[in-house]
Amino acid sequence: MSQFVAVIDPPEALTTQSVSGTLWSRSSSISCRVHAVNRTPTVNTVVISCLGDVGVAVDRRYQITGVVEGGAADKSGRLRVGDILLRVNGTCTAALEYERIVSLLRSVDGILELKIMASHGSSADTAGDESNEGAVPQANLSPQTGELQPSGTDHKKGLRKLRAVEFDLPSPTSGIQSNGMCVQTSRSHSKITRRAQSIAVDGRPGSTMLRRSFVQLRNWQSDKRFTDTLHCRQQTVQESYCHRSQCQGSIMYPVGAELKSVPGDVRHKEEVVEQAEAFLNEYYESLKKRTDSQSQKKKLEEQQARRMKEVVAQVEMTGTYDMDEKELVFGAKLAWRNSPRCIGRIQWNRLQVFDCRHITTGKEMEAAIRHHIKFATNEGNLRSAMTVFPQRTGKRDDYRIWSPQFFRYAGYKMEDGSVLGDSADVELTERCVELGWNPPKEKGQFDLLPLVVHAANEPPRYFDVSDLLLEVNFKHPDFQWFEELDLKWYSLPAVSNMMLDVGGIQFTAAPFNGWYMGPEIAARNFGDSYRYNLLPVVAERMGLDTSNNASLWKDRAMIELNVAVLHSFKEAQITISDHHSAAESFMQHIEKEMTLRGGCPSDWVWIVPPISGSATPVFHQEMLNYKLKPSFEYQEPAWLAKRLSDKDDPQAAVSRRSSKLTLASAARVVMMSMSMFSPHLMKRAKATVLYATETGKSERYSRDVANLFSHAFAVKVKCMEDFVFSDIEYEQLLLVITSTFGNGDPPDNGESFGRQLYQMRNPPDDSRGRRKVSSGIHLGFTSTDNDNKDDSQPLANVRFSVFGLGSRAYPNFCAFARSVDKLLGELGGERIYENGQGDELCGQEESFRKWVISCYEAACKTFCVDANLKDFSDALATSSKEWQPDRFRVTVRSKGEVEEMNVCKCLSDLHKKTVFPCRLISRTNLQSENSPRATILIQLDTQGESQLAHEPGDHLGIFAQNQPSLVNQLIKKLDGAPHADEPLVIEFKVPVKDHEEWKLFDRLPSCTLRQAFSQYLDITTTPSPQFLAVLASQATDPDEGAHLLELSKGMTTYEDWKFDKCPNICEVLDQFPSLKVPASLLLSQLPLLQSRYYSISSSKSYVDGEIHCTVAVVSFRTRSGNGPLHHGVCSSWLNRITKSAVIPCFVRRAASFYLPEDRQAPVIMVGPGTGIAPFRSFWQHQKFTMHQPQFAIAANGDIPEVQCNTVEEAGQAVKHWDMALFFGCRHPDLDHIYKEEVAELVQEGVLSKAFCAYSRDPNQPKQYVQDQLKREADYIIQKLLKESGHLYVCGDVSMAADVTKTIQGVFREQAGMSDDQARSAVEKMRADGFYHEDIFGVTLRTAEVTDRVRNAARKAWNIIVQSQEDVSKTLVPTPLMTQNKKETMKKKLKLEAGTSETAKSRLRLPTRRTPSVRTDDVATKQELQFLREEPGPS
């Protein structure tokens, strides 16, 4: 049963994306069922199955938009996408309404007569144009036979004609054929007229006729069929070399295909502009496919328009233009993708392009080629690469490489006419001798030729490449005598004499390489009679009868040659493919290309391997051979090319050939070539360091990485939110350092990058409608479950490594980093080193050091950079010691010189986010006066700021101030500090030409010392190892300095010191009294004071203009209660400020913690302690909608038409959530916050149920929310499983993990699930957006719990260290062992050691960040949120 597509008009007729039912019924023999709906702004179609149909799709303009596989139109190949449907059975379609079109299309009875007009991309509206219609023939389409035949005799054998169309585009030359039409051109620079001539549909192209029909290609082995549409809709189809009466498909160099390389004969400007426009269209279309954001697409269109104007202007001035590097990389890859004669194109996206257009001399060409060879050879693990030298300009000689490949063997013509060596290189060998090359005294059949290069306006020069040669000596697995033949071949096939033609620009020197397919060496190089002609030699040694062809001695000898080649390459661990595997991969490539772009130009004569042809699948596959731009073009030999300099001196070419280098000159060439690979002659490989952070630690690590990698790479550091994502596929080396917050969420500034990366991996399926990006996007290990994955590997050229920061106290440790690592790998990126992870509980600094050193070593090896690891390690140890006393100073300013400070503006500039002032309305202690602790409700006035609008579930970020007593204590400890309340600025010394100047260090705004320590700098966090290293330089006591240096190593000593004492900066200065710390050191080196996040506890609808927050006030003593008293920064500040005080804040969205859109869905809220905070906003929102009838919301989300005047009437008209609350606290009389409010809500019906568990009630056993959930197991099953309810969990990480286990247990015991089924059910709830978590750090825990978690983390760290040592002992790398093989062994050993990551945790990327610390306080040995009151990493 085939399919038919009918027009739906008006668009409102479609309300869903998939419906089912009978659309119309003509009789009992025809029934139709709707399968899917495709809705776009201009096309509204529905796909229908019917018993007899035509099988085409038409849109509202009656244009064919699709040809259904298997239908009559598909079988005929005569109807195409874009054709205009003018008449159906003689009836003009121009003025017909929907019902009439349906009536016509359903009336298929034997023969359906269609009148169509072929579309060629004209912008003119031709539907219903009777003046055009008369020139278009009718055709009969039979659903039974699928044949298209002219319906009359007056239509000139089915030819379709088009009226003349004018385009404001430049054009190539007069009369050439392009894109399926004959183009008549004028020489005008501003306007080119194209006239479409007759276009044949009978498959017989002539000088003025080209077939544009889709071509169906059949595989005669599987009977699978493809329809090639690329050749008739691609703008860059080139003229075919075949003619009506002859085919040149089997000619090595078709007539006209070999270009005459005359540097002065460049393209006309019009042709350059036309090809540039077609190329840029394709380039920007590829960028648009990477995003489904309409605003981003619009920006790309504007960018394309600007770029095209630049190109036109440059061409008008110079006759050519300069591509940017991204365009060049895209064009080079596309040229390989378009190459019809290459069987290995499936790797096209992995091509590494080296942009060497800056090169001007032959020496620099040599250095670039040497780098290319070293990179591509890669110790035998060959990599595809291309090096692009300067383009042809017409104003200088071309850059050329004389040798057809980087490595060639000499061919010596002997006196008897025979050839010793490679017969194909006889002429090249003679040219090398003319240039001064001296062959070995004892000539052999495998003498390596030098590589000859020719830079513009320089004489050609040669250099030796034997030091870079990786040869394979051949032997046979069965024939011992084979080694006696002394056969060998070079491993790297690098074609160097072809031209890269892209975007109208000709790159005459663009060498590229892949790797060998076995028969290329065995069957062609060794087997061809005009090459080495080894078949008789091998047959004779095999004892075969060579006198009789019927003995198949040639076939048998050739097979054994292939066996020897494959065996020898694999034994040497050098990349090669056999012809069967290559053919199978090419079939996969065809299928991908047909899916991705509707065609794959292929030359069957070249694609089918030279041996075992019919045994490979490509032999049985029909192929369509056509040429697309960009492309690789043949060139005549470089020594025959005319040079511009020869115009003035006719004897120049002759004298150039006859001249020979002297012995001294040759010696200089050889000596220079041995030392040519120097960094200053080559552009450094580019490295980008991306970071995402909330607290600044990832950024600090990224800066360290950038400083270290700058020893060998050109490095730039970018925050993820500032990174242009469309550039990611053009990155060479990508290093990602990111933290993870909450339940596996990315930091704020990493969310956009993560989402775009996910969308690149899981693009929308246009056939099923655009995917709606919602809070339910899932990352990491669940991403592979998506049926619409992008397997094109757009990041195949990117090398990467990822380091994650987090805490193992969280269930999804380093989840975001692991997700990014996994997605980059799935998108084709090459992981140069495994994902590093730094656990804040133990060994984070040491983990980072090991990762960065190993990553640097791997990067240098990958990019063939000679690096001194000792220098790198030394630099790593001193990377943070940038501060020097004579480089920074504090300058006091008068009050008149300093503008009055606006705190919110300064914070906005400092943290790159807009901060708004709120004012404190009230502060209420929610706990009993008898409680030793305090939880406060703060009410803030937003002062009418619209950007502080929020939804239930959102978070409020607050910038607090440090404790005044701590600030005063720190100021007193400074050495030579200015007055605390005098305005000051920081300055640093920079070199300027021959002297140094003091420049403003604008890290902080102009402020007083007191303001800096109070509002901008973090003085409570335990100093980092890098900061301690700086302090060590200021110690006057050698013992203290040595102690600080030991701590600065970040090893176990530092970890124990940090966790035991948890010291702030003042306590560090007390512990090391000899420190003389100037103000400039702290002002320039202390980390910034970060914002603290709280779930908003109010609904904007219920209390408009206000924001409420529930805050636990924390004070605690370190060292198990025996240390100094510490205060939470933000909670203590909020507890001491006065009414109307300004509170700098901002709203952070938490879309994945929003109430469900379906108001009939049950909502279960679980939140002990301050975990109840977001649920107060939930019930306020519910109460508002229930008690405000004029704002009543119907079940479908619309405003009801019925007017409700009472609550009772509103209750009947409104659907509201069935809310249940599970709350837990210590004591019912001490800390049961919102107790009365909740009871009132239950009475009003806002909450259907409320449960409370008390863990310190002396009158009952200890209970937690988990116990309440178990007790109400039947209710949980009813609401979550039977009624598809939503579960919301808010609290610390330990509680959240316990709740998850409890829910799984309820599913297991009450629903009869197995352990695996229960886990899967919970994971599915998370994946489908029914299980919502808002997790913050473990707080207010006993020393026992803290020690247990940290000891577990330390144990895990020790196991990891031990396993790495075992790996290093186990790995005994051979010279040819690759990094990938080492990584595989490491992973295997890690798994065996039981130290694999907690990778089975579900990873997800919501559109928000969870607030990581509800209590906002520092965790100590009694609190796992140990560093400071900050978003806790996971």
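Being a predicted model, the structure only gives us computed values, none of them experimental. Sequence positions are assigned chain by chain, starting from 1 and proceeding in written order. At least 70 in pLDDT is required for a residue's local features to be given in this predicted model, at least 80 for side-chain atom pairs to be given and counted, and no such filter applies to totals for whole chains, interfaces and linings, which use all residues. Heavy atoms throughout the structure, all of them, feed into the side-chain values; hydrogens and water do not.

Quick look at the overall build of the protein chain now. Numbering goes from the N terminus for both helices and strands, where a helix is a DSSP run of H or I of at least four residues and a strand is a run of E of at least two. Regarding its fold elements, the protein chain presents 40 helices and 55 strands. The 1434 residues of the protein chain split such that 56% are buried. Contact definition: two residues touch when any of their heavy atoms are within 4.5 Å. If you take every contact in the protein chain between residues at least 6 apart in sequence, the share linking residues at least 24 apart comes to 74%. A 1.4 Å probe and the Shrake-Rupley method give the accessible areas. Residues count as covered only by the protein chains that appear here. Here the protein chain has roughly 60,600 Å² of accessible surface; of this, 49% comes from carbon and sulfur atoms. Here the term buried applies to any residue with accessible area under 20% of the maximum for its type, exposed to any over 50%, and partly exposed to those in between, with areas from a 1.4 Å probe on protein chains only.

Of all residues in the protein chain, 69% attain a pLDDT of 70 or more, and the chain-wide mean is 76. Residue-level confidence of the predictor, termed pLDDT, takes values from 0 up to 100. Here residues 1–61 scores under 50 on pLDDT; set against residues more than four positions off or in separate chains, the count is 147 contacts. With pLDDT under 50 throughout, residues 1367–1434 is counted as low confidence; its partners more than four residues away or in other chains account for 284 contacts.

We now examine the sheet that holds strand 24 (residues 451–454). When DSSP locates at least two bridges between a pair of strands, those strands are taken to pair. Strand order in the open sheet formed by three strands is 21-24-25, and the pairing between neighbours is antiparallel. This sheet does not close on itself; its edge strands, each paired only once, are strand 21 (400–401) and strand 25 (461–463). Relative to strand 24, strand 21 runs antiparallel, the two being bridged by two bridges. Bridge pairing in strand 24 links R400 to H454. Note on definitions: angles span 0 to 180 degrees between N-to-C directions of axes, and those axes are lines fitted to C-alpha atoms, for helices only across the stretch in contact. Helix-sheet contacts for helix 8 (residues 362–377) involve strand 21, strand 24 and strand 25, and the interaxial angle to strand 25 is about 35°.

The next subject is the sheet that holds strand 54 (residues 1286–1292). The five strands lie next to each other as 53-52-51-54-55, forming an open sheet whose pairing is parallel. The open sheet terminates on both sides in strands that have one partner only, identified here as strand 53 (1249–1254) and strand 55 (1331–1336). For this sheet, the mean inter-axis angle between neighbouring strands, taken without regard to orientation, is 10°. Bridge count between strand 54 and strand 55: six bridges; the pairing is parallel. Among the inter-strand pairings, L1287 is bridged to a residue of strand 55, identified as Y1331.

Now for unusual backbone geometry. Following K629, the chain continues to P630 via a peptide bond in cis, the omega torsion being -5°. Structurally, P630 can be placed in the loop between helix 14 (604–607) and strand 32 (631–635). The phi dihedral of K912 is positive, around 55°, even though this residue is not glycine. With respect to the helices and strands, the residue K912 is situated in the loop between helix 22 (903–911) and strand 40 (916–925). A positive phi angle is found at Q943, which is not glycine, with a value near 55°.

Let's shift gears to the side chain of E987. By the secondary structure assignment, E987 is in strand 43 (residues 983–992). Side chain to side chain, E987 and R889 meet in a polar contact 2.7 Å long. A distance of 2.8 Å separates a polar atom in the side chain of E987 from a polar atom in the side chain of T891. Sequence-distant contacts of E987, that is, excluding residues within four places in its chain, are made with R887, F888, R889, T891, R893, W998, K999, L1000 and F1001. For the purposes of these results, a polar contact is taken to be a pair of N or O atoms within 3.5 Å, where, inside protein, one atom must be able to donate a hydrogen and its partner to accept one; residues adjacent in sequence count only when each atom of the pair is a side-chain atom.

We now examine helix 24 (residues 1009–1016). Across the eight residues that make up helix 24, a large majority, six, are buried. Regarding helix 24, the residues found buried are L1009, A1012, F1013, S1014, Q1015 and Y1016. Check the buried side of helix 24 and you find it contacts helix 22, helix 23 (964–973), strand 43, strand 45 (1007–1008) and helix 29 (1079–1085).

Positionally, R341 belongs in the loop between helix 7 (325–337) and strand 19 (352–355). Looking at R341, its side chain comes within polar contact range of the side chain of Y634, at 2.7 Å. Beyond its immediate sequence surroundings of up to four residues, R341 is in contact with I251, M252, P254, D603, W606, I607 and Y634.

What follows concerns the environment of R1092. Along the chain, R1092 turns up in strand 46 (residues 1092–1095). We classify R1092 as buried; its relative accessible area is 2%. With 38 residues separating them along the chain, R1092 and C1130 place their C-alpha atoms 6.9 Å apart. A distance of 2.7 Å separates a polar side-chain atom of R1092 from the backbone oxygen of Q1090.

Turning our eyes to something else, we now look at helix 5 (residues 269–288). Take the residue count of a helix, subtract one, and multiply by 1.5 Å to get its expected span. For helix 5, with 20 residues, the first-to-last C-alpha span of 28 Å sits near the 28 Å given by 1.5 Å per residue. Most of helix 5 is tucked away: 15 of the 20 residues are buried.

Any residue with relative accessible area above 30% and no salt bridge may belong to a patch, with like charges joined within 9 Å and the nonpolar Val, Leu, Ile, Met, Phe, Trp and Tyr side chains within 5 Å. Here a salt bridge means any side-chain nitrogen of Lys or Arg lying within 4 Å of a carboxyl oxygen belonging to Asp or Glu. A cluster of nonpolar residues, M252, Y253, W604, V605, W606 and F619, forms a patch on the protein surface that exposes about 550 Å² of accessible area. In this structure, M252 sits in the loop between helix 4 (230–233) and strand 18 (258–259).

Moving on to the nonpolar core. Joining through side-chain atoms within 4.5 Å is the link that ties buried Ala, Val, Leu, Ile, Met, Phe, Trp, Tyr and Cys residues into a set, and such a set is a nonpolar core. With 60 residues, the main nonpolar core has F389, F474, W489 and F526 as its most contacted residues. If you list the elements that add at least two residues to this core, you get helix 8, strand 24, strand 27 (488–490), helix 10 (518–526), helix 11 (535–542) and helix 12 (553–571). The element best represented in this core is helix 12, accounting for eight residues. Excluding residues that lie within four positions of it along the chain, F389 makes contacts with C356, R357, I359, M365, A368, I369, Y399, I401, F507, A509 and P511.

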